[in-house]
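Single-letter residue listing:
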Amino acid sequence: MNIAIITGSGGLIGSESVSFFSKKFDKIIGIDNDMRSYFFGPEASTNWNVNRIKETVSNYEHHNIDIRNLEELEKIFNQYGTDVKLIVHTAAQPSHDWAAKEPITDFGVNATGTLHMLELTRKYCSKAVFIFTSTNKVYGDNPNFLPLIETDTRWEIAENHPYFKNGIDEHMSIDHTKHSVFGASKVAADVMAQEYGKYFDMKVGVFRGGCLTGPNHSGAQLHGFLSYLMKCTITGNHYTIFGYKGKQVRDNIHSSDLVSMFWHFYQNPKMGEAYNAGGGRFANCSMIEAIQLCETITGKKLSHTYSEQARSGDHIWYISDLSKFQKDYPEWEYKWNLQDTMVDIYNSMSKAIIV
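The rules behind these values
Residues numbered from 1 in each chain as written. Predicted model: local features only at pLDDT ≥ 70, side-chain atom pairs only at ≥ 80, totals over all residues. Heavy atoms only, no water. Phe/Tyr/Trp six-rings, centres within 6.5 Å; stacked < 30°, edge-to-face > 60°. Helix = DSSP H or I, 4+ residues; strand = E, 2+ residues; numbered from the N terminus. Buried < 20%, exposed > 50% of the residue type's maximum accessible area, 1.4 Å probe, protein only. Lys NZ or Arg CZ within 6 Å of the ring centre and 35° of its normal. Core = buried A, V, L, I, M, F, W, Y, C linked by side-chain atoms within 4.5 Å. Contact = heavy atoms within 4.5 Å. Lys, Arg positive; Asp, Glu negative; His and termini not counted. Salt bridge = Lys/Arg side-chain N within 4 Å of Asp/Glu carboxyl O. Polar contact = N/O pair within 3.5 Å; in protein donor to acceptor, adjacent residues only side chain to side chain. Expected span 1.5 Å × (residues − 1). Bend = angle between axes of the 7 residues up to and from the residue.

So, the packing of aromatic side chains
Here comes step 1: Scanning the entire structure with this criterion turns up 26 aromatic pairs.
Here comes step 2: For the ring pair F207 and F262, a centre distance of 5.1 Å and an interplane angle of 65° mean the geometry is edge-to-face. Of this pair, F207 sits in strand β8 (residues 203–209) while F262 sits in helix α9 (residues 255–267); the two residues are 55 residues apart in sequence, bridging distant segments of the chain. In terms of burial, F207 and F262 fall into one category: buried.
Here comes step 3: Measuring from ring centre to ring centre gives 5.8 Å for F207 and F265, while their planes differ by 85°; the resulting arrangement is edge-to-face. Note that F207 is positioned in strand β8 and F265 in helix α9, a separation of 58 residues in sequence.
Here comes step 4: In this structure an aromatic cluster arises from ring pairing among F207, F262, F265, Y275, F282, F325, Y329, W332 and Y334.
Here comes step 5: The ring of F200 has R122 sitting right over it, with the charged end atom 4.3 Å from the ring centre.

Re unusual backbone geometry
Only a minority of non-glycine residues have a phi that is not negative, and only a minority of peptide bonds are not trans.
Here comes step 1: Of note in the backbone geometry, H176 takes a positive phi value of approximately 55° without being a glycine.
Here comes step 2: In this fold, H176 is placed in the loop between β7 (155–157) and α7 (181–199).
Here comes step 3: Taking relative accessible area as the criterion, H176 reaches 79% and is therefore assigned exposed.
Here comes step 4: Residue Y244 is not a glycine yet carries a positive backbone phi of 55°.
Here comes step 5: Residue position: Y244 is located in the loop between β10 (239–242) and β11 (249–254).

Thoughts on the nonpolar core
Here comes step 1: In terms of nonpolar packing, the biggest core is built from 34 residues, with I5, F77 and I87 touching the most fellow members.
Here comes step 2: Looking at which element gives the most residues to this core, the answer is helix α6 (residues 103–124), with 5 residues.
Here comes step 3: Contact partners of I87, with chain neighbours within four places excluded, come to I5, F77, M117, T121, C125, A128, V129, F130 and I131.
Here comes step 4: Of all hydrophobic cores here, the second largest spans 30 residues; its members include A4, V18, I131 and A277.

Observations regarding the side chain of D321
Here comes step 1: With respect to the element layout, D321 can be found in the loop between β15 (317–318) and α11 (323–328).
Here comes step 2: The side chain of D321 sits in the buried core without any salt bridge; K165 is the nearest counter-charge, 9.2 Å away.
Here comes step 3: Within polar-contact distance, the side chain of D321 engages the side chain of S323 at 2.6 Å.
Here comes step 4: With near-sequence residues (within four places) excluded, D321 lies in contact with N166, G167, I168, D169, E170 and N276.

With respect to α6
Here comes step 1: The end-to-end C-alpha distance of α6 is 30 Å, a good match for the 32 Å that 22 residues give at a rise of 1.5 Å each.
Here comes step 2: Roughly 30° is the biggest bend found in α6, and it falls at V109.

See below:
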């Protein structure tokens, strides 16, 4: 039997992974205890998504387990052993704002939880492919010291800089920088995942995401940029822009395109390799540009205000360079541009939200 274990299975990337890999594997073991509602409140709960998965994916088995609970996790690995061929580890505390409130909880989920998953994989199914969703926050605020230029709607990097063409690559330093507490816990997990691959010769891939987005995102103010922005535009809820004149730039990758990257890695895995994974030059926008796009798609004006206080350690400009991944996996390509992604989010939300 071929089994895939997916943590954070009710979240954006986890649920996309369940949908995709349920067609490739005999059984999907989903692990999700809805900590997102603890982090961000009831509106961010993933229970709706877990219930949807249970109803629509026949080979899905759900486990309500906290990844900090090594004993409960080990029961699953002990039961299925070498039948487990793939682990997609997406469960995390994803907000650098929230992490500052409870650093111990943040580190426990992000770093210790990841170590639990890696060690159990090594112990029970060491030949399995392990995919870890890291973050561009491992680079801290180093991107803010690049030569940036202000335009009418965005910050942009100087055209003569090596990062202008394709964005930021994996050689940017993760040292001597302010990561945020969240970024630091993800650095710990990121480096440990690489180490398990390189030291123990395990098939581990680390994917440093830009803004990950799509219709299954339970967006909240502290996490889920495009999803929450679209939600506020549709419902009329108020939105606050934090700093940088609303011109801060993010690249955005649709959850489907990211899971496609996972699939290509699974078919030809490396030992502890790290890849930047975002929308790159193909799909990126500033906050101002994203608001304009939401308003165009919905036909509504967003109620918003501006705060001069930027989030501590937040990126002014970040676009991922995917050249390394595309060199290793030349058959992979983007399917979702920014416009199509936003329309996809809008269509999904319009069915779920009663305005």
